[in-house]
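Structural description and commentary
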Amino acid sequence: MTESQFSQFSHSGNFRPANGNAWHAAWQSPSNIALVKYWGKKEGQLPVNASLSMTLDRAFTRTRLDAVVGDAVPGLVSVNGDPGHPFIPKMQHLLDMVTGEIPLLGKLTFTAETENSFPHSTGIASSASGISAFALCLLDIARQVTDREIPGKDWMQMVSNASRLGSGSACRSVYGGFTVWGRTDLLAGSSDAFAVALSGEVHPAMMSLCDAILIVSSEQKEVASTQGHRSMDLHPFRQGRVIQANSNLEETLRALAANDFEKLGDIAENEALSLHALLMSASPGVILLKPGTLGIIRIVRAQRKSGIPLFFTLDAGANVHLLYPRAVAADVETVIREELAAFCEEGRVIYDHCGTGPALLTVRDENQSG
Ligand code: PMV
């Protein structure tokens, strides 16, 4: 975390609870799908290459964070009422990192309530939405505790910076549309420390891109992404990967500006297959693709030959994200129903699209189920 970014919080003022000695914040934050993948880290949770993602809409996490000051033990003491909840270590780690910069937070006792809009057992990574929702709540409470007015743009940058410390890809979820994380000469203002939103650089038609997530396997991933990133440290293709990612980023930025969906999809597929090629050629090598993944890819490519603009991308797992313009949504849904759902666990598909980013929740929103 860069000091200059958080110095606005580091005054030594007293607590000013808005409501007795308690604060609360509640945010909804979406997941995102990388078109140019982040794969490999440098010291300090910084990426070896710049990545670009599309923020989703329907796959999101809602989190409410409550903080009190008093006699209780400081730190995050429960999630969904459970003091042993499996999310606690990752969230506490993020809280510790942010507390390093905003010491006032170290005096508070936190409890969190959190839920995903997508079922837990889908194998969809929830860390991007979960960590960014938690970071939003945390820095919202920090803002209330320190009673500071921080311009929205600077605050979002801080949230992105904090999210990155919890999970790299989470830093891209704090903005809607398309987002770039990582320093690159291709984009003014880009940074390794936080993501930036693309705005004027994207053709408006691209903002309605669809993503249908085909759940091929809901199994826990064989390799955690932390291990996967580490496998790039001594990977024989590391240097080549950086060159490839930079060139793919350049082409993707161009395709987004020109509304060139074919180009965008072509690169997304190249990135997805390259990510898995890197996984397979690491030491030890891992195969995360399943027969169903390959079956879907074969049909997607055949459909394209028959004229439907349909492309795929993959995360570090077996599930397939189908990318297509909204104009062909009905045709794609027919293909999914008739040919692709058979490869999915219990025929599961999540229909999503490009989203507008996180939302502050009111008490009424919080009471509505995802
Ligand atoms: O944010 P992490 O550490 O879970 O890594 C994400 C890695 C990929 O999902 C494979 C690619 C990406 O850029 O999101």
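Residues numbered from 1 in each chain as written. Predicted model: local features only at pLDDT ≥ 70, side-chain atom pairs only at ≥ 80, totals over all residues. Heavy atoms only, no water.

Focus on the site of the ligand
- The immediate surroundings of the ligand are formed by 13 residues, with Y38, S169, R172, S225 and H229 found nearest.
- In the model, an oxygen atom of the ligand is placed 2.7 Å from a nitrogen or oxygen of the S169 side chain.
- D315 places a side-chain nitrogen or oxygen 3.1 Å from an oxygen atom of the ligand.
- For the ligand, whose free accessible area comes to 380 Å², the fraction covered by protein is 90%.
- Of the residues in the shell around the ligand, the class split is five nonpolar, five polar and three charged.
- Two domains share the shell around the ligand, each providing at least three of its residues, namely domain 1 (3–199 + 356–360) and domain 2 (204–353). (Near = heavy atom within 4 Å. Polar contact = N/O pair within 3.5 Å; in protein donor to acceptor, adjacent residues only side chain to side chain. Areas by Shrake-Rupley, 256 points an atom, 1.4 Å probe, with all protein chains shown as cover. Nonpolar A, V, L, I, M, F, W, Y, C, P; charged D, E, K, R; others polar. Domains from an automatic or database assignment.)

Description of the domain arrangement of the protein
- Under the domain assignment used here, the protein contains domain 1 (3–199 + 356–360) and domain 2 (204–353).
- With 31 residues of domain 1 in contact, the opposing surface of domain 2 contributes 44 residues.
- Here domain 1 packs against domain 2, burying approximately 3300 Å² in sum over the two surfaces, 71% of which is carbon and sulfur.
- For the domain 1 face of the interface with domain 2, the top three residues by lost area are L35, K37 and W39, together amounting to 25%.
- The interface formed by domain 1 and domain 2 includes zero salt bridges.
- Counting only elements with at least two residues in the side of domain 1 that touches domain 2, the list comes to strand 1 (22–36), strand 4 (51–68) and strand 7 (178–181). (Contact = heavy atoms within 4.5 Å. Buried area = accessible area lost by both parts, 1.4 Å probe. Salt bridge = Lys/Arg side-chain N within 4 Å of Asp/Glu carboxyl O. Helix = DSSP H or I, 4+ residues; strand = E, 2+ residues; numbered from the N terminus.)

Structural notes on the packing of aromatic side chains
- Applying the stated rule across the entire model yields three aromatic pairs.
- Note on Y38 and W181: the rings are 4.6 Å apart at their centroids and 70° apart in plane angle, and the pair reads as edge-to-face. Note that Y38 is positioned in the loop between strand 1 and strand 2 (41–42) and W181 in strand 7, a separation of 143 residues in sequence. Taken individually, Y38 and W181 each receive the classification buried, so the pair is uniform in this respect.
- Between the aromatic rings of F261 and F311, the centroid separation amounts to 5.4 Å while the plane-to-plane angle is 80°, which identifies the pairing as edge-to-face. Residue F261 is found in helix 7 (residues 261–280), and its partner F311 is found in strand 10 (residues 311–314); the two are separated by 50 residues along the sequence. (Phe/Tyr/Trp six-rings, centres within 6.5 Å; stacked < 30°, edge-to-face > 60°. Buried < 20%, exposed > 50% of the residue type's maximum accessible area, 1.4 Å probe, protein only.)

Observations regarding the packing of helix 3 (residues 127–146) against helix 4 (residues 152–166)
- Contact pair helix 3 / helix 4: the axes reach a minimum separation of 9 Å and the direction vectors enclose 130°. Taken together, the axis directions place helix 3 and helix 4 in an arrangement best described as oblique. Once helix 3 is placed against helix 4, the crossing between them reads as right-handed. Here I131, S132, A135, L136, L139, D140 and R143 of helix 3 come into contact with helix 4, specifically with W155, M156, M158, V159, A162, S163 and G166. (Axes fitted to C-alpha atoms, helices over the stretch in contact; angles between N-to-C directions. Parallel < 35°, antiparallel > 145°, perpendicular 65-115°, else oblique. Left-handed = near helix turned anticlockwise from the far one by under 90°.)

Thoughts on the environment of W27
- If you trace the backbone, W27 turns up in strand 1.
- Spatially, the C-alpha atom of W27 lies 5.8 Å from that of R62, the residues being 35 residues apart in sequence.
- Residue contacts for W27: discarding those within four places in its chain leaves T61, R62, T63, A133, L136, C137, D140, W155, P358, A359, L360 and L361.
- Polar side-chain contacts of W27 include one of 2.9 Å to the side chain of D140.

Some points on the sheet that holds strand 12 (residues 349–353)
- With antiparallel pairing, four strands are arranged side by side in an open sheet as 10-11-9-12. Whereas interior strands pair on both sides, the edge strands pair on one side only; in this sheet they are strand 10 and strand 12. Taking each pair of neighbouring strands and ignoring which way they run, the sheet shows an average axis angle of 25°.
- Strand direction decides the pairing type here: strand 10 and strand 11 (residues 320–324), joined by four bridges, are antiparallel. (Pairing = 2+ DSSP bridges.)

Some words on the nonpolar core
- Counting residues in hydrophobic clusters, the biggest one holds 42 residues, and the most contacted among them are L65, L76, F110, L139 and I141.
- Elements with a contribution of two residues or more to this core: strand 1, strand 4, strand 5 (75–79), helix 2 (88–101), strand 6 (109–116), helix 3 and helix 4.
- The greatest single-element share of this core, amounting to ten residues, is contributed by helix 3.
- Residues in contact with F110, not counting those within four places in the same chain, are L65, D66, A67, G75, L76, V77, S78, L95, L105, L138 and I141.
- L198, L209, I215 and L256 belong to the second largest nonpolar core, which has 34 residues in total. (Core = buried A, V, L, I, M, F, W, Y, C linked by side-chain atoms within 4.5 Å.)

Points about the environment of G317
- With respect to the helices, strands and loops of the structure, G317 is situated in the loop between strand 10 and strand 11.
- Counting along the chain gives 238 residues from G317 to V79, while the straight-line C-alpha distance between them is 27 Å.

Details of the side chain of H229
- As for its position among the elements, H229 is in helix 5 (residues 225–230).
- Setting aside its immediate chain neighbours within four residues, H229 contacts Y38, W39, G40 and K41.

Topic: unusual backbone geometry
- Residues S283 and P284 are joined by a peptide bond in cis, for which omega reads -5°.
- Locating P284 in the fold gives a position in the loop between helix 7 and helix 8 (291–305).
- Despite not being glycine, N80 has its phi angle at roughly 50°, a positive value.
- Overall, the relative accessible area of 35% leaves N80 in the partly exposed class.

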